[in-house]
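Secondary and tertiary structure notes
Here is how the chains run, residue by residue.
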Amino acid sequence: MSIARERFSSGTALVTGGAAGIGEGLVRHLADLGMTVVVADIDGERAAEVADQIGAAGGSAYPYAIDVTDPEAVDDMAESVFARHGGLELLINNAGIETAGLIWEVGVDRWKRLMDINLNGVFYCVRSFVPRMIEVGSPACVANLSSVGGLNSVAVQAPYIVSKHGVQALTESLYQDILLTGAPIQVSVIVPHSIRSQIFLSAQREAPSANDTANAVFAAMQRDNVATGLDPLDAAEYMVERLARGDFWVLSDDEICAQSAGRRATQLTQLSPPADPRLMLARMGVD
């Protein structure tokens, strides 16, 4: 039996952005393992379709229409989930969007929208769910979706890259904050490379660049995603297994992801978790 099938065979999981792409792969795989899955997505109709399909296949899932940029709505979602299930064993903050273009072409509204979804949405979910998870006191896990874009930088994706660096930093800080509480909550950062989805197509339709070379670069990214991107279900199975074994860094199963992590290995201390802040307090003589 896999570690994931042993650890995630029961309980409740919530995945934001769970109606498409890697989010859909995650909810389908977690339901297959035996978890009750909340398919949280701004597209309520698609979330309902995914939940219905999971139910028809013998799994347990239900949709929750949510805009993660609305902190009050996120808090209501957390209250609803805990009232219904009494706890949450796995929270995966996955909701995110892309945008294309040279950085000076990105409009202020487009920049703010992406940051609000990709970064602020993670913060809103953390601030609503984590205190409730701590209060319940049961073993649980919070996993935030970063990207190889959170380890490196590339052209024509500046807002996305900045947001994923932010998610990376937020998750490392959350890891250390949780250690200070003593709560039995695992914190992990999921760092995928290319997983097949519509994220690039959606971004390019919304924001084509005035620069032909920039458009060509972004179009090549989409072609590569279609041609060589990992299947969402296969990627989910690989990453959930590593989540189940307690890894802080959860990479996707592809060479480029490993190379990207390797280039930062010295900075990441060979992919070890962030430092335990309790060691610093001990050195300062704080109990």
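Source: prediction; values computed, not measured. (Residues numbered from 1 in each chain as written. Predicted model: local features only at pLDDT ≥ 70, side-chain atom pairs only at ≥ 80, totals over all residues. Heavy atoms only, no water.)

Attention now goes to the side chain of Thr171. Its location among the elements puts Thr171 in helix H6 (residues 158-181). Thr171 sits in the buried class, given a relative accessible area of 0%. Only 3.0 Å separates the side chain of Thr171 from the side chain of Asn144, close enough to count as a polar contact. Residue contacts for Thr171: discarding those within four places in its chain leaves Asn144, Val187, Ser188, Val189 and Phe248. (Helix = DSSP H or I, 4+ residues; strand = E, 2+ residues; numbered from the N terminus. Buried < 20%, exposed > 50% of the residue type's maximum accessible area, 1.4 Å probe, protein only. Polar contact = N/O pair within 3.5 Å; in protein donor to acceptor, adjacent residues only side chain to side chain. Contact = heavy atoms within 4.5 Å.)

Attention shifts here to the pairing of strand S4 (residues 90-93). The alternating pattern of S4 places Leu90 and Ile92 and Leu91 and Asn93 on opposite faces, both of which are buried. Summarising the sheet, S4 and strand S5 (residues 140-145) pair through 4 bridges and their orientation is parallel. Its bridge partner lying in S5, Ile92 is registered against Ala143. In this region the chain leaves S4, passes through helix H5 (residues 108-136) and returns to the parallel neighbour S5; the handedness of that crossover is right-handed. (Pairing = 2+ DSSP bridges. Right-handed = clockwise from strand over helix to strand, strands pointing away.)

Right, let's get into H6. The end-to-end C-alpha separation of H6 is 35 Å, in line with the 34 Å expected for 24 residues at 1.5 Å each. Directly beyond the C-terminal end of H6, a positive phi value near 75° is found at Gly182. (Expected span 1.5 Å × (residues − 1).)

Moving on: the packing of helix H4 (residues 71-85) against H5. Two numbers describe how H4 lies on H5: the axes approach to 8 Å, and their chain directions differ by 25°. One element, H4, and the other, H5, form an angle in the roughly parallel class. Helix-helix and strand crossings are classified by hand; for H4 and H5 the assignment is right-handed. From H4, Pro71, Val74, Asp75, Met77, Ala78, Glu79, Val81 and Phe82 reach across to H5, where they touch Tyr124, Cys125, Arg127, Ser128, Phe129, Arg132, Met133 and Val136. (Axes fitted to C-alpha atoms, helices over the stretch in contact; angles between N-to-C directions. Parallel < 35°, antiparallel > 145°, perpendicular 65-115°, else oblique. Left-handed = near helix turned anticlockwise from the far one by under 90°.)

So, on to the sheet that holds strand S6 (residues 185-191). With parallel pairing, the 7 strands of this open sheet are ordered in space as S3-S2-S1-S4-S5-S6-S7. Because the sheet does not close on itself, it has two edges, and the strands there are strand S3 (60-65) and strand S7 (249-251). Strand-to-strand twist in this sheet, taken as the mean axis angle between neighbours without regard to direction, amounts to 20°. Pairing of strand S2 (residues 36-41) with S3 involves 6 bridges; the strand directions are parallel. From the neighbouring strand, Val37 faces S3, where its bridge partner is Ala61. Across the sheet, helix H3 (residues 44-56) touches S2 and S3, and the angle it forms with S3 is around 175°.

Attention now goes to the packing of helix H2 (residues 21-33) against helix H9 (residues 232-244). Contact geometry for H2 and H9: axes closest at 8 Å, N-to-C directions at 60°. Judged by the angle between their axes, H2 and H9 are oblique. In this structure, H2 meets H9 at a crossing whose hand is right-handed. Where H2 approaches H9, its residues Gly21, Ile22, Gly25, Leu26, Arg28, His29, Leu30 and Leu33 are matched on the opposing element by Pro232, Leu233, Ala235, Ala236, Glu237, Met239 and Val240. Class assignment for the residues of the contact of H2 with H9 results in 10 nonpolar, 3 polar and 2 charged. (Nonpolar A, V, L, I, M, F, W, Y, C, P; charged D, E, K, R; others polar.)

This next bit is on a negative patch on the surface. Side chains of Asp67, Asp70, Glu72, Asp76 and Glu79 sit close together on the surface and give a patch of like negative charge. By secondary structure assignment, the location of Glu79 is in helix H4. (Patch = residues over 30% accessible without salt bridge, like charges linked within 9 Å, V, L, I, M, F, W, Y side chains within 5 Å. Areas by Shrake-Rupley, 256 points an atom, 1.4 Å probe, with all protein chains shown as cover. Salt bridge = Lys/Arg side-chain N within 4 Å of Asp/Glu carboxyl O. Lys, Arg positive; Asp, Glu negative; His and termini not counted. Charge placed at Lys NZ, Arg CZ, Asp CG, Glu CD.)

Take empty space enclosed by the protein next. Under the criterion given, the structure shown has 2 cavities of 30 Å³ or more. Taken as a whole, the largest cavity holds about 40 Å³ of empty space. Every residue lining the largest cavity is listed: Phe82, Gly87, Leu88, Glu89, Met133, Val136, Ser138, Pro139 and Ala140. One number sums up the size of the second largest cavity: a volume of about 30 Å³. (1 Å grid on protein atoms, 1.4 Å probe; cavity = no way out; pocket = protein on both sides within 12 Å on 5 of 7 lines; lining within 4 Å. Points joined across faces, edges and corners; volume = space filled by probe spheres on them.)

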